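Structural description and commentary
Here is how the chains run, residue by residue.
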Amino acid sequence: MPEQQLVLSSDRIQTRITELAARISADYRDKDLVLVGVLNGAFIFLADLCRSLSIPHQVDFIRVASYGDSATTSGTVRLSKDIELDLTGKHVLLVEDIVDTGTTLAWLSRQLSAHRAASVRVCALINKTERRECAVEIDYRGFNLDGFLVGYGLDYAEQYRHLPDIYTLQP
Ligand code: PRP
């Protein structure tokens, strides 16, 4: 079992989510908001974020993967579950657990332009900049963190997603 080092406690995560949710609730008041969670990693973050919002909204998911069981991106994004709601005229907030190279987000932004949403913004719990390859904009950002991270939805070979805190994994 690789060694794990705590970097973000669940208390810190929840406090930050409350702050992000307050901003999002204010910014989208009176707007038709759809949260689109990027599976699999975002499922826990989205579950906590949506329950902290004080405004009505819809929730949908898209499933893409570029890492498989590897620690490095394949560079190719594969869509395995598309959005099912009609996003025409809606204000979309993409919800990501982590932005790393930016490959996934850049691909999703291109993909979403076909849906004719009124606006598309991004909320990411973690912004990891050390390996950024594509310039991407994150409108609502939880934390800037580097290292190989697991827990709170983040996996290594599908393990560790269930951990309530976030850890760096030492090889
Ligand atoms: C993770 C994460 C993001 C993406 C970010 O997904 O959830 O979608 O990587 O990395 P990038 O900025 O380098 O593209 P992953 O492909 O590991 O699938 P998962 O969500 O099922 O863990």
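Residues numbered from 1 in each chain as written. Predicted model: local features only at pLDDT ≥ 70, side-chain atom pairs only at ≥ 80, totals over all residues. Heavy atoms only, no water.

This paragraph deals with the sheet that holds strand E9 (residues 166-170). Adjacent strands of a sheet pair through backbone hydrogen bonds, lying either parallel or antiparallel. With respect to topology, three strands assemble into an open sheet ordered E1-E9-E8, the strand pairing being antiparallel. For this open sheet the edge positions go to strand E1 (3-8) and strand E8 (149-150), each flanked by a neighbour on one side alone. (Pairing = 2+ DSSP bridges. Helix = DSSP H or I, 4+ residues; strand = E, 2+ residues; numbered from the N terminus.)

Before going further, it helps to examine the pattern of salt bridges. For the coordinates displayed, the defined rule picks out nine salt bridges. A salt bridge links Arg-51 to Asp-48; the shortest N-O distance between them is 2.8 Å. Taken together, the positions of Arg-51 and Asp-48, both in helix H2 (residues 43-52) and three residues apart, correspond to about one turn of that helix. Residue Asp-48 is classed as buried on the basis of its relative accessible area of 14%. Residue Lys-128 pairs with Asp-100 through a salt bridge whose shortest N-O separation is 3.9 Å. Of this pair, Lys-128 sits in the loop between strand E6 (119-127) and strand E7 (140-144) while Asp-100 sits in the loop between strand E5 (91-99) and helix H3 (103-112), and the two are 28 residues apart along the sequence. (Salt bridge = Lys/Arg side-chain N within 4 Å of Asp/Glu carboxyl O. Buried < 20%, exposed > 50% of the residue type's maximum accessible area, 1.4 Å probe, protein only.)

Surrounding the ligand, one finds 18 residues, the nearest of these being Tyr-67, Glu-96, Asp-97, Thr-101 and Thr-104. Within the backbone of Gly-41, a nitrogen or oxygen atom sits 2.8 Å from an oxygen atom of the ligand. Between Arg-63 and the ligand, the recorded distance is 3.4 Å, taken from a side-chain N or O atom to an oxygen atom. Isolated, the ligand exposes 490 Å² of accessible area, and the fraction of that covered by the protein chains is 94%. A breakdown of the residues in the shell around the ligand according to their chemical character gives five nonpolar, seven polar and six charged. (Near = heavy atom within 4 Å. Polar contact = N/O pair within 3.5 Å; in protein donor to acceptor, adjacent residues only side chain to side chain. Areas by Shrake-Rupley, 256 points an atom, 1.4 Å probe, with all protein chains shown as cover. Nonpolar A, V, L, I, M, F, W, Y, C, P; charged D, E, K, R; others polar.)

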